[in-house]
Amino acid sequence: MDNHGTIQLEAFELTLEDIASADIEKLHALSVGVGWPHRPKDWQMLLENGNGVVAVDSIGRLAGSAMWFDFGPSFSTIGMVITPPRLQARGAGNWMMLHVMQQAGKRRFGLNATRAAKRLYQSLGFVIEKTVFQCQGEATPVANPPLAAGATLRALAPGDVEAILALDLTAFGASRDRLFKSLLPVSKGVVLVRGQRIEAFSLCRRFGRGALIGPVVATNEADAIAVTHPHVVDHAGQFLRLDTREESHAFPQYLANSGIAVFDTVTTMSLGGCWIGGHEASKNLEPKIWALASQAFG
């Protein structure tokens, strides 16, 4: 990677290196150090779909990371920005973020900020859009929710991929075809069909402490609940997580009743133009994102 860069932070001399050259176990230790649940396999998926940097100290230890994920030619998400508090206070996070944004080029950015990092992103010009609710817990399925008239549920089949990519493109606002090539082989999928047309879908995969449901894409709340419920049933008594921007009404209530309660929150922010706010405001009955693929991927 060009222009690695070095910074002196009091007693710490850090050098930026391409994250692709970093050892997975060291990346795993870095995320464990800040209490994040990512497994080595979760890191592997991140590396397959993104670019990034790591900050390395004078004896080769990883002291921070930052990644970006391209979705089309004009939009990227930023994620996995990890800086221990002692280095964050000395400007390491700002240094890595500026480098990442320079490497990614002129485009719109979206990210999901922890409380500790929100002020940093605001200082770089990011604006707050919405809250993301990290819901998790031991799955305790409720009675099967009613299906809307004319709707049926079935497992995702290979022939459905084109249809779900089209739904996701409309809901997310940018192409995630590359990401789905990584998600689909390791996920169980459910689709909702109405009039021989797929109108909602969900994926569920191993992640962190257990399993994660996401993305969930649907045009309405009832359909979103319908495609989420089979995964809750499949993971009864097990740790299950879902990240959503839905704060009220039936969908978050369904999650809470199913044992998937709000555990933490992060804040969706954007730079260079609205990401979530502007996209959702333009919708009528178009599909939208009810659960994130992950906080890094959006």
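Up top you'll find the structure we're talking about.
Remember, it's a predicted structure, so these values are computed and weren't measured experimentally. (Residues numbered from 1 in each chain as written. Predicted model: local features only at pLDDT ≥ 70, side-chain atom pairs only at ≥ 80, totals over all residues. Heavy atoms only, no water.)

Asker: Describe the environment of Gln196, with residues and values.
Answerer: By the secondary structure assignment, Gln196 is in the loop between strand 9 (187–194) and strand 10 (197–207). Owing to a relative accessible area of 82%, Gln196 belongs among the exposed residues under this scheme. Once the C-alpha coordinates of Gln196 and Thr268 are considered, the two residues, 72 residues apart in sequence, prove to be 35 Å apart. (Helix = DSSP H or I, 4+ residues; strand = E, 2+ residues; numbered from the N terminus. Buried < 20%, exposed > 50% of the residue type's maximum accessible area, 1.4 Å probe, protein only.)

Asker: Report on the pattern of salt bridges, specifying residues and quantitative values.
Answerer: For the coordinates displayed, the defined rule picks out eleven salt bridges. Two residues, Asp70 and Arg107, come together in a salt bridge whose shortest N-O distance is 3.4 Å. Remark: Arg107 occurs in the loop between helix 4 (92–104) and strand 6 (108–113) and Asp70 occurs in strand 4 (residues 62–70); sequence separation between them is 37 residues. You can call Asp70 partly exposed: its relative accessible area is 31%. The residue Asp223 makes a salt bridge to Arg194 at a minimum N-O spacing of 3.0 Å. You can see Asp223 sitting in helix 8 (residues 221–234) and its partner Arg194 sitting in strand 9, a full 29 residues away along the chain. Among the charged side chains, a network of salt bridges with common partners joins Arg194, Glu199 and Asp223. (Salt bridge = Lys/Arg side-chain N within 4 Å of Asp/Glu carboxyl O.)

Asker: Talk me through unusual backbone geometry; I want residue IDs and the actual numbers.
Answerer: Here the bond from Gly214 into Pro215 is cis, since omega is 0°, no more than 30 degrees from zero. Examined against the element boundaries, Pro215 turns out to sit in strand 11 (residues 210–218).

Asker: How would you sum up the packing of helix 4 against helix 5 (residues 115–123)? Please name residues and give values.
Answerer: The geometry of helix 4 relative to helix 5 is characterised by a closest axis approach of 10 Å and an angle of 50° between their N-to-C directions. With respect to helix 5, the element helix 4 is oriented oblique. At the point where helix 4 passes helix 5, the crossing takes the right-handed sense. Along the contact surface, helix 4 presents Gly93, Asn94 and Met97, while helix 5 presents Leu120, Tyr121 and Ser123. (Axes fitted to C-alpha atoms, helices over the stretch in contact; angles between N-to-C directions. Parallel < 35°, antiparallel > 145°, perpendicular 65-115°, else oblique. Left-handed = near helix turned anticlockwise from the far one by under 90°. Contact = heavy atoms within 4.5 Å.)

Asker: Can you tell me about helix 1 (residues 24–33), naming the residues and giving the values?
Answerer: Regarding helix 1, the residues found buried are Ile24, Leu27, Leu30 and Ser31. Seen along its axis, helix 1 keeps its buried residues to an arc of 115°; they face one direction. Those residues of helix 1 that are buried are in contact with helix 2 (40–49), strand 3 (51–56), strand 4 and strand 5 (75–82). You can read the cap of helix 1 off the contacts: a side-chain oxygen lies 3.0 Å from the backbone nitrogen of Glu25, and it is on Asp23. Two residues or fewer past helix 1, Gly35 is found with a positive phi of approximately 80°. (Arc of directions from axis to C-beta. Polar contact = N/O pair within 3.5 Å; in protein donor to acceptor, adjacent residues only side chain to side chain.)

Asker: How would you summarise the side chain of Arg176 if you had to cite specific residues and measurements?
Answerer: Following the sequence through the fold, Arg176 ends up in the loop between helix 6 (161–172) and helix 7 (177–183). Polar side-chain contacts of Arg176 include one of 2.7 Å to the side chain of Asp168. Side-chain polar atoms of Arg176 contact the backbone oxygen of Gly298, separated by 2.9 Å. Ignoring sequence-local partners within four residues, the contact set of Arg176 consists of Phe71, Asp168, Pro215, Ile289, Ala293, Phe297 and Gly298.

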